[in-house]
Amino acid sequence: GQQVMQIPQYQHVQEGEDFTTYCNSSTTLSNIQWYKQRPGGHPVFLIQLVKSGEVKKQKRLTFQFGEAKKNSSLHITATQTTDVGTYFCAGSLDRGSTLGRLYFGRGTQLTVWP
Amino acid sequence: DAGITQSPRYKITETGRQVTLMCHQTWSHSYMFWYRQDLGHGLRLIYYSAAADITDKGEVPDGYVVSRSKTENFPLTLESATRSQTSVYFCASSESEGELAEAFFGQGTRLTVV
């Protein structure tokens, strides 16, 4: 079945260091979304990538969608303590009965030491 | 208030009891989802619905029942609760028409089965 794999599961960094999480899909995705969940909170949408090779930036966050639309990455430059949380990728297919369904990765839990 | 709301926020129930978790959204989104979140498993899809009276199983549907008689409501029922169903449950909705298919999550229901 459709799977979205996300690594690493955990990442501990010192404030100021960079952070990257990676997602890989077994099949081609229509689009990929990224969510952030703060401790004790609920997932909140960050961004969606749709085009092959697309790169989007939000301040210190850089999101990439692979050329084959099977992988994606989120890179945070110079992490801050406010970046703490779990980052999820979620891909969707654009065909048949699975239209609208998101396939979530297991998430990467980021801890930032001050 | 506009948005997606879950109730109750916390619930303790006994093994074997039936319990229903409520989810209500005010956007008239077509898609609604139920996820459970457990340590090490990320977000796992239980059931989803593409429209009123249309529901489909996700990854982990056993022991759960859903209904969607109205677009805005998507209750999740545990027919006979088991300890393995202790988890945090998130409801989400999305429109999934056009390019942007952002999912909006509720605050979550923390369910403990004793």
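Residues numbered from 1 in each chain as written. Chains lettered and ligands numbered in written order. Predicted model: local features only at pLDDT ≥ 70, side-chain atom pairs only at ≥ 80, totals over all residues. Heavy atoms only, no water.

1. A short note on the sheet that holds strand β3 (residues 19-25) of chain A
Residue and element names in this part refer to chain A.
Here comes step 1: Strand order across the open sheet formed by 5 strands is β1-β3-β8-β7-β6, with antiparallel pairing between neighbours. Looking along the sheet, the strands with just one partner apiece sit at the ends: β1 (4-7) and β6 (55-58). Neighbour-to-neighbour, the strand axes of this sheet turn through a mean angle of 15 degrees, independent of strand direction.
Here comes step 2: Examined bridge by bridge, β1 and β3 share 4 bridges and lie antiparallel to one another. (Pairing = 2+ DSSP bridges. Helix = DSSP H or I, 4+ residues; strand = E, 2+ residues; numbered from the N terminus. Axes fitted to C-alpha atoms, helices over the stretch in contact; angles between N-to-C directions.)

2. Description of the interface of chain A and chain B
Here comes step 1: Every contact between the two is made by 19 residues of chain A and, on the other side, 24 residues of chain B.
Here comes step 2: Overall, the association of chain A and chain B removes approximately 1,800 Å² of surface from exposure, summing both partners, and the carbon and sulfur fraction of that is 54%.
Here comes step 3: The three residues of chain A that bury the most area against chain B are A:H42, A:R101 and A:F104, which together make up 28% of that side's buried surface.
Here comes step 4: For the pair chain A and chain B, the interface holds 3 residue pairs in polar contact (both at pLDDT 80 or more). (Contact = heavy atoms within 4.5 Å. Buried area = accessible area lost by both parts, 1.4 Å probe. Polar contact = N/O pair within 3.5 Å; in protein donor to acceptor, adjacent residues only side chain to side chain.)

3. Remarks on the nonpolar core
Residue and element names in this part refer to chain A.
Here comes step 1: Grouped together as the largest cluster of nonpolar side chains are 21 residues, with contacts concentrated most on I32, W34 and F63.
Here comes step 2: Where this core is concerned, the elements lending two or more residues are β3, β4 (31-37), β5 (44-49), β7 (61-65), β8 (71-76), β9 (85-92) and β11 (108-113).
Here comes step 3: Setting aside residues up to four positions removed in sequence, F63 forms contacts with W34, L46, I47, L49, E54, V55, K56, Q58, S73 and L74. (Core = buried A, V, L, I, M, F, W, Y, C linked by side-chain atoms within 4.5 Å. Buried < 20%, exposed > 50% of the residue type's maximum accessible area, 1.4 Å probe, protein only.)

4. Regarding the state of the cysteines
Here comes step 1: The final tally for this structure, using the stated rule, is 2 disulfides over all chains.
Here comes step 2: Here A:C23 pairs with A:C89 through a disulfide, and the sulfurs are 1.7 Å apart. Judged by the torsion about the S-S bond (-90 degrees), the A:C23/A:C89 disulfide is left-handed. Linking A:C23 in strand β3 with A:C89 in strand β9, this pair joins segments that are 66 residues apart in sequence. The pair A:C23 / A:C89 is uniform in exposure class, with both members buried.
Here comes step 3: Across the disulfide from B:C23 sits B:C91; the S-S distance is 1.8 Å. Every disulfide takes its handedness from the sign of the S-S torsion; for B:C23 and B:C91 that torsion is -75 degrees, giving left-handed. You can see B:C23 sitting in strand β3 (residues 19-25) and its partner B:C91 sitting in strand β9 (residues 87-94), a full 68 residues away along the chain.
Here comes step 4: Relative accessible area serves as the criterion here: at 0%, B:C91 is assigned to the buried category. (Disulfide = S-S within 2.5 Å.)

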